[in-house]
Amino acid sequence: MATPAVELVGVTKRFGDDVVAVDTLDLTIEDGEFFSLLGPSGCGKTTTLRMIAGFEYPTEGSVRIHGVEMGLKPPNERPVNTVFQSYALFPHMTVFENVAFGLEMQKVANADVETRVRRVLDQVQLAQRADARPSQLSGGMQQRVALARALVNEPEVLLLDEPLGALDLKLRQNMQYELKDLQTRVGITFVYVTHDQEEALTMSDRIGVMSAGKLLQVGDSHEIYESPTSRFVADFIGEINLLEGEVTAPGAARLANGSEVGIPPGHPSAGRVTLALRPERLVLHQVAGAVPDDRNQMRARIVRRTYYGDVYFYDVEAGLSAPLEVKEENRPDVVTHAVGDEVIVSWSTDSANLVSD
Amino acid sequence: MTQGPVTPELERAAEKAESRRGLLIGLPAYAYLILFFAIPLVLVFVYSFASRSSTGLTVLEDWNLDSYRRLADPLVIEIFVRSFLLALITTAICLLVSYPFAYYIATRGPSMRNILLVLVMIPFWSNFLVRTYAWRVILGSDGIASQISQVFGGEPVRVLFTSTAVLIGLVYGFLPFMVLPLYAALERLDWNLVEAARDLYASGWAAFRKVTFPLSMPGVVAGSILVFIPSLGAYVTPAILGGARDVLLGDYIVSQFLAARNWPFGSALSFGVMFVMLLATIFYFRVGAKSL
């Protein structure tokens, strides 16, 4: 197997005496992978990225890029480039000069600089604007200059710190596709920091979810969304219902409202468990008879209905600690319920997940 | 106030009223500047074309350009070049000393920054004249500088009443005027840009040369102008620390008004100096703006 692009071994970063930004992090990012570090602000994801780039040094631990220990190497001696959240384009230089900067610093011959810069500007469709100043460009264009400026150096690893954060929604969605295409085309390892779960889910080969300096779970989009292992990951990615229960028998638990429900395997033999259920995995029925026998079910009442155009969100009171959230598609063959309706909520046991606290 | 829908006429009237109120706010400053700056300047300008009577009095008739012609006199040129060079060296030394210090202040934490900025401003709390006189004690033949030289077995040195003394005094007096604009420019700097440069394979020095320094140009330009212009026309410092041999512009102009009682020539000299300062400022702004 090829050497991993990035390895973090026991990496800890402390600021001062009591702030632990990153806590004994172990992470391996494979070569050619689109890897996202996902988490809320202050979770340590940006600090982790900055330690790979060399803007910060770990308090302890090892950062390796393609097997080479980075130690206290300054950023200019690392085979990585960064796309900054604020783009950090040099305002006193033209687009061309910005993109050429890295090559000039590496003392690449002038003729090569010219061809390589032109080629990468073509790739990001900015060849026409080579002589413009960054301030004359739109946010989306600036973003592409920042990308071109990093990519022109053909780094072994490209680090991206919330690069789409400053763009508006439509543009952000377009750029998501562009970025993913670009990554597939150039085959460079991308390490992408974001707090936007949708961005992470749509683009990444694998995602690492961080909270309070710790890496909670690493997996592909499907695993992270469908099989969160902790309450935090379940709650941070998308909408989730968390149901507290008491194990009564192998594969069964009693909820706070007294219902006996099935739970997936791998649970403790006794004690409390937390079930995580996605709103779209829950189904509402008008009458009990309509529910297949192999599904869990409980009586409930609609307390709120929110219309999102393509879907309805229902808040359903079932005697649990909080109302359940149910998401149903707005389709002619799906019955729409009204506030106050008595309904049956059902789900299948294998769509539920056990999560730790 | 009329209530009801707004028409274009009403909107225009409201805008006019707004700009009148703006003028009112500026009025005290306008009055002060016109009375004590613009009018005296016009007077000096008028005097520069006047002539002198045989007894040396200024006569406000026979308007001529004689005073301006005298500006080409070798003696005047020599004084001008000397003052110009001194101001240039003062500015250069201030820049070299202030830049690292301003950089240091701008990169400290907020509380340390405030302490350092107060320290920069402390000299302003005592009188400029008094502080300049203090340099006489330090630079005199039995002053501290000379004593230190003798401790190390050297000759007694007398710096006082030389151009070097004036240079020391000018740098000392104008240093804060260089530090503050440089600090303001560096403090505003987006340090992400420096990180970006380092990320793009620039060494620390290359990042400074290519990014930090060009982006601090507004501070360099402002500080240099703030030091160069008062240095060129300096009067107090050369009068206290300078010698009789190396006359400088400020002193020369004053002597035209007082000792020589040649007001027209003194006025022409003043305008000549102002013209050169204007040219230098425009040139400097152009160069500064180009590098941005």
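Not measured: the values here are computed from a predicted model.

*Asks:* Any details on the sheet that holds strand S1 (residues 6–15) of chain A? Residues and values, ideally.
*Replies:* By way of backbone hydrogen bonds, the strands of a sheet pair with one another, either parallel or antiparallel. All names here are of chain A. Taken in spatial order, the 4 strands line up as S2-S1-S4-S5 in an open sheet, and their pairing is antiparallel. With one partner strand each, in any of the chains shown, strand S2 (19–29) and strand S5 (68–69) form the two edges of the open sheet. As judged from the 5 bridges shared by S1 and strand S4 (residues 60–65), these two strands associate in the antiparallel manner. By the bridge assignment for S4, Thr12 is matched with Glu60.

*Asks:* Any chance you could break down the domain arrangement of chain B for me, citing the residues and the numbers?
*Replies:* Split into domains, chain B comes out as domain 1 (1–47) and domain 2 (68–290). For domain 1 of chain B versus domain 2 of chain B, the distance between C-alpha centres works out to 37 Å.

*Asks:* Outline unusual backbone geometry, listing residues and values.
*Replies:* Phi is positive for His66 of chain A, which is not a glycine, with a value near 45°. Here His66 of chain A shows up in the loop between S4 and S5. Notably, Phe161 of chain B is not glycine yet its phi reads approximately 65°, a positive angle. Take Phe161 of chain B: it is sitting in the loop between helix H6 (144–151) and helix H7 (163–188). Judged by the 19 C-beta atoms lying within 10 Å of it, Phe161 of chain B falls in the partly exposed class.

*Asks:* Could you give me a rundown of the environment of Gly266 of chain A, with the residues and numbers involved?
*Replies:* Topologically, Gly266 of chain A is positioned in the loop between strand S13 (260–262) and strand S14 (272–277). Residues Gly266 of chain A and Gly67 of chain A lie 199 residues apart in sequence; the distance between their C-alpha atoms is 36 Å.

*Asks:* Explain the domain arrangement of chain A to me, and be specific about the residues and the numbers.
*Replies:* Domain annotation of chain A identifies domain 1 (6–233) and domain 2 (239–350). The gap between the C-alpha centroids of domain 1 of chain A and domain 2 of chain A is 40 Å.

*Asks:* Tell me about the environment of Met70 of chain A, and please be specific about residues and values.
*Replies:* Residue and element names in this part refer to chain A. Looking at the element boundaries, Met70 is found in the loop between S5 and strand S6 (80–83). Between the C-alpha atom of Met70 and that of Gly54, which follows or precedes it by 16 residues, the distance is 8.2 Å. Not counting residues up to four positions away in its chain, the partners in contact with Met70 are Gly54, Val63, Arg64, Ile65 and Arg78.

*Asks:* Now, about helix H4 (residues 139–151) of chain A: what can you tell me, with residues and values included?
*Replies:* The terminal C-alpha atoms of H4 of chain A, which comprises 13 residues, lie 18 Å apart, in line with the 18 Å expected from a rise of 1.5 Å per residue. For H4 of chain A, the tally of buried residues reaches 10 of 13 residues, placing the bulk of the element in the interior.

Basis of the calculations
Residues numbered from 1 in each chain as written. Chains lettered and ligands numbered in written order. Predicted model: local features only at pLDDT ≥ 70, side-chain atom pairs only at ≥ 80, totals over all residues. Pairing = 2+ DSSP bridges. Helix = DSSP H or I, 4+ residues; strand = E, 2+ residues; numbered from the N terminus. Domains from an automatic or database assignment. Buried ≥ 20, exposed ≤ 12 C-beta atoms within 10 Å, placed from the backbone. Contact = placed C-beta atoms within 7 Å. Expected span 1.5 Å × (residues − 1).

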